[in-house]
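Now for the letters of each chain:
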Amino acid sequence: MNFNELGLNARMVARLDALGLTQPSPIQKEAIPQALQGCDILGIAQTGTGKTAAFGIPLIMALSKRQERPVPRSARGLVLAPTRELASQIFQSLRGLTKDLRITLVVGGKSINAQTEKLARGTDILVATPGRLIDLMDRGSIDLGQTRFLVLDEADQMLDIGFIHALRRIAARLSTDRQTMMFSATMPKAMAELSRQYLDKPIRIEISPPGKVADKVAHSVHFVAKNEKQDLLTRLLDGHRDDRALVFSRTKHGAERLKKHLERAGFAAASIHGNKSQGQRDRAIAAFKAGSVRVLSATDVAARGIDTPGVGHVYNYDLPNVPENYVHRIGRTARAGNSGRAIAFCAADEVTDLKAIEKLLGTRVETAGGRPWDAVTDAPQKKRRPRRRSAGRQDRMAA
Ligand code: AMP
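In short, a report on the structure. (Residues numbered from 1 in each chain as written. Predicted model: local features only at pLDDT ≥ 70, side-chain atom pairs only at ≥ 80, totals over all residues. Heavy atoms only, no water.)

Digging into the pattern of salt bridges
As enumerated under the stated definition, the model contains 21 salt bridges in all. With a closest N to O distance of 3.8 Å, E350 and R250 form a salt bridge. Taken as a pair, E350 in the loop between β13 (340-346) and α15 (351-361) and R250 in the loop between β9 (244-248) and α11 (252-264) lie far apart in primary sequence, 100 residues in all. Its relative accessible area of 3% is what places E350 among the buried residues. Judged by relative accessible area, which is 36%, R250 ranks as partly exposed. Salt-bridge contacts for R250 lead to D353; the nearest nitrogen and oxygen are separated by 3.0 Å. Placement of R250 in the loop between β9 and α11 and of D353 in helix α15 is noted, with a sequence separation of 103 residues between them. According to the relative accessible area criterion, D353 is buried, its value standing at 13%. (Salt bridge = Lys/Arg side-chain N within 4 Å of Asp/Glu carboxyl O. Helix = DSSP H or I, 4+ residues; strand = E, 2+ residues; numbered from the N terminus. Buried < 20%, exposed > 50% of the residue type's maximum accessible area, 1.4 Å probe, protein only.)

Shown next, in the form of structure tokens:
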């Protein structure tokens, strides 16, 4: 099947062709015809499945067909994304899909005055993070009363980041006469509630069951003491120096510490996390994409929206304590049909996190190194009274 069988106009087919896109991905095949009919859509799909075009194509076609011009300080369509990186990724993708519509990006970390000025003329599509959008609404820089199209992308992440209050305030300003498309990689209970609030008789499209990671990813876990993780990572990275790898830590400090360690070990490394300015994050991602940085050390939030083909390895240096985040992290590899490896490091105090991930995946993650902690029967802390030691030292003893 190709794109012109989905009801697209010749102009859009030609644009897609110029971008090298000829065959719709499964989510595009399902979502585009329904969205063109004006239906609300609930899409359950991971990043890397082509979901941006799945909502972008019908959004652009609907707005172009109406041939209206945006009135000042208004947006005809609104796309909300949880992070600056994802919002800017969506913005770039939409700009690739049309040259005829005005598309505006508003995210935190950039000058709000410049954004206010841009919005003064009105825009066809506004791509925003919820926090900055609320600030602009409060200043009277944007009125959503004219907005007839709403897209919520990676909605489960918006819930995690605590945007629920912001979403409620935004929704209250939108016209009820609108088409809404909501996308999420996972479908926790809170998401089902959110979808009931936002969507009107949605068509549910599920590309892979919630929580199921791309089949092309090979998962493995190393059982390793906390204080041995750095050495293990260096050793494994050494085995594929030419490949790009993304390494996830749980904390900002952890991500920064790791980047410094990797640099000392001779790797071209960079880090992205909440303590970095927007400019620093953009530069790190650009260098990673260009290949001058081979290892990117990241926290969950900062890594949302990284769309870099050819990330062969994703390391879960620390396991996420929200199992759904494992799915998101893995979504960074095996994008658009490439295969990838997901390598987890599990220290003694992360066994419950691993179990939660395996439960969500519905499968056991293959052991690549070390012995599962629950198989270690002579764990010293069970026999002796623990002395005051760092957690890392206790882990090494348990190993
Ligand atoms: P997304 O899931 O929207 O983040 O898209 C992931 C990647 O897939 C992006 O790099 C897109 O350019 C690419 N992509 C989107 N649609 C298609 C398609 N129909 N064929 C091939 N690649 C695609």
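Some thoughts on the sheet that holds β13
One open sheet holds the seven strands; their spatial order is β10-β11-β9-β12-β13-β8-β14, and the pairing between them is parallel. In this open sheet, the two strands that pair with only one neighbour each are β10 (269-272) and β14 (366-369). Ignoring strand direction, the axes of neighbouring strands in this sheet form an average angle of 25 degrees. Sitting on the sheet, α11 is in contact with β9, β10 and β11 (295-298), with an inclination near 175 degrees to β10. (Pairing = 2+ DSSP bridges. Axes fitted to C-alpha atoms, helices over the stretch in contact; angles between N-to-C directions. Contact = heavy atoms within 4.5 Å.)

Structural notes on unusual backbone geometry
In terms of backbone geometry, most residues other than glycine have negative phi values and most peptide bonds are trans. Of note, the phi angle at Q67 is positive, near 50 degrees, even though the residue is not glycine. Positive phi, normally seen in glycine, also occurs at R73, with a value near 55 degrees. For R73, the location among the structural elements is in the loop between α3 (51-66) and β2 (75-80). R73 sits in the partly exposed class, given a relative accessible area of 44%.

Fair warning: the whole summary comes from geometry, so function is off the table for now.
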